[in-house]
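Architecture and fold: a report
For reference, the chains in residue letters:
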Amino acid sequence: MQNNYEISPNLISCLATKATGVLPLVDGAFLPGESTRIVDAHSSFYPIPIGNSGEMVLVDGGMDKHGKRLERFVAQHDLGIGAVRAVLLTHAHRDHIGAIVSLLNRGVDIKVFASAAEDEVLQGQRRSEGKLQMVTDRLPGLDAAIPGIETEILEDGDTISFGDQLQVKALAIPGHTKGSMGFEIKSSLDGSNVLYAGDALDFTPSGAKNALWLLSGDTKISNQSIIELTNRIVREGTEIDAVVPAHSGDAHFNNLRRYRAAQKPSIPRIHRYSAPRHIAF
Ligand SMILES: [Zn+2]
């Protein structure tokens, strides 16, 4: 039973893709910004190089708490796991925190960025949202707590720069979980700007869809978040080269425009009252 997913992550991913009707997740797929998709038990995480520095940032951490997938990836690039400087966590579900646990266990000096609501789950102060997680979180090893973890708290609109090579903008997209965040990441390597959406949405061959209700806290809020996110990107005139969910293949931003067009108009929520913060890393 243990580590079955490590034997054949693609088999699980393939079955889950068929069951949910989403675009297939391809392990090892290249994304803009010279990022790579690592598929891990139908979740995925992304090492993103910080320019040509030989260092990287991860978006999420997959399922594997032993770090074998990550180890293999860095070895293929003649790097060590110490090359990971930071992890941007979209939300604290068990299938997104694996690499964080493995890196901390190995004493790698990483900075973990997450929203305050997700930090509460990491600290073990509360259980995460999601119908299925409410059950699985009670099983040994399937909760998402990393007690004592030091997290850099992000709020909607905060930005992080990794030198002048990677520019990150945090976007609140609550619903799948209370503190779910997306990250818009601009890379100096190819000038691309990619939106990592975590579990807020998936793509099917016919377009975007809301996160699965069985795995989500509140799909109504999630739906509203997707509409708001789309409105915001259109309003700000931001060019997005790809939208990358964690459980389905990626797609063009126009799919979110089509999704929005098919929904009722939403009333914008206020995400924050203070000015956004910039963190230079
Ligand atoms: Zn999730």
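Summary of the structure given here. (Residues numbered from 1 in each chain as written. Predicted model: local features only at pLDDT ≥ 70, side-chain atom pairs only at ≥ 80, totals over all residues. Heavy atoms only, no water.)

On to the sheet that holds strand β5 (residues 56–59), then. Reading across the sheet, the six strands line up as β3-β4-β5-β6-β7-β8 and stay open at both edges, with mixed pairing between neighbours. Either end of the sheet is taken by a strand with one partner, and the two such strands are β3 (38–40) and β8 (151–154). Direction aside, neighbouring strands of the sheet carry axes that sit 25° apart on average. The pairing of strand β7 (residues 111–115) with β8 spans four bridges and is parallel. (Pairing = 2+ DSSP bridges. Helix = DSSP H or I, 4+ residues; strand = E, 2+ residues; numbered from the N terminus. Axes fitted to C-alpha atoms, helices over the stretch in contact; angles between N-to-C directions.)

Next up on the list: the coordination of the zinc ion. Taken together, His91 (NE2), His93 (ND1), His176 (NE2) and Asp199 (OD) make up the protein donors of the zinc ion, found 2.1 to 2.2 Å from the metal. Summarised as a motif, the one-chain spacing of the donors to the zinc ion is H-x1-H-x82-H-x22-D. With histidine 91 in the loop between β6 (84–88) and α4 (98–105) and aspartate 199 in the loop between β12 (193–198) and β13 (201–204), this residue pair connects regions lying 108 residues apart in the sequence. Overall, histidine 91 belongs to the buried group, its relative accessible area being 0%. (Donors = N, O, S within 2.8 Å, 3.2 Å for Na, K, Ca; no water. Buried < 20%, exposed > 50% of the residue type's maximum accessible area, 1.4 Å probe, protein only.)

What follows covers the nonpolar core. With 27 residues, the main nonpolar core has Leu58, Leu70, Ile100, Leu103 and Ile110 as its most contacted residues. Elements with a minimum of two residues in this core: β5, α3 (68–76), β6, α4, β7 and α5 (116–122). Of all the elements, α4 adds the most residues to this core, at four residues. Once residues lying within four places of it in the same chain are set aside, the contact partners of isoleucine 100 are Val87, Leu89, Ile110, Val112, Ile146 and Ile149. Membership of the second largest hydrophobic core comes to 24 residues, among which are Ile50, Met181, Phe183 and Ala246. (Core = buried A, V, L, I, M, F, W, Y, C linked by side-chain atoms within 4.5 Å. Contact = heavy atoms within 4.5 Å.)

Attention now goes to the side chain of lysine 169. With respect to the helices and strands, the residue lysine 169 is situated in strand β10 (residues 166–172). In this view, lysine 169 contacts Gly157, Asp158, Thr159, Gly182, Phe183, Glu184, Arg232 and Glu236; residues no more than four positions away in its chain are not counted.

The next thing to look at is the pattern of salt bridges. Across all of its chains, the model carries 11 salt bridges by this definition. In this structure, arginine 69 and aspartate 27 form a salt bridge, with 2.8 Å as the shortest nitrogen-oxygen distance. With a gap of 42 residues between them, arginine 69 in helix α3 and aspartate 27 in the loop between α2 (9–20) and β1 (30–31) connect regions that are remote in the sequence. In this structure, the salt-bridge partner of arginine 126 is glutamate 120, at a minimum N-O distance of 2.8 Å. According to the relative accessible area criterion, arginine 126 is partly exposed, its value standing at 22%. Within the structure, one salt-bridge network assembled from shared partners comprises Asp156, Lys169, Arg232 and Glu236. (Salt bridge = Lys/Arg side-chain N within 4 Å of Asp/Glu carboxyl O.)

Moving on, we come to the pairing of strand β4 (residues 43–49). Across the seven residues of β4, seven count as buried, placing the element largely inside the fold. Going residue by residue along β4, you find Ser43, Phe45, Pro47 and Pro49 tucked away on one face and Ser44, Tyr46 and Ile48 tucked away on the opposite face as well. Here β3 pairs with β4 via three bridges, running antiparallel. Along β4, the bridge assignment pairs isoleucine 38 with phenylalanine 45. Between the end of β3 and the start of β4, which pair antiparallel, lie two residues, with alanine 41 showing a positive phi angle near 60°. Summarising the sheet, β4 and β5 pair through four bridges and their orientation is antiparallel. Counted as the bridge partner of isoleucine 48 is valine 57 from β5.

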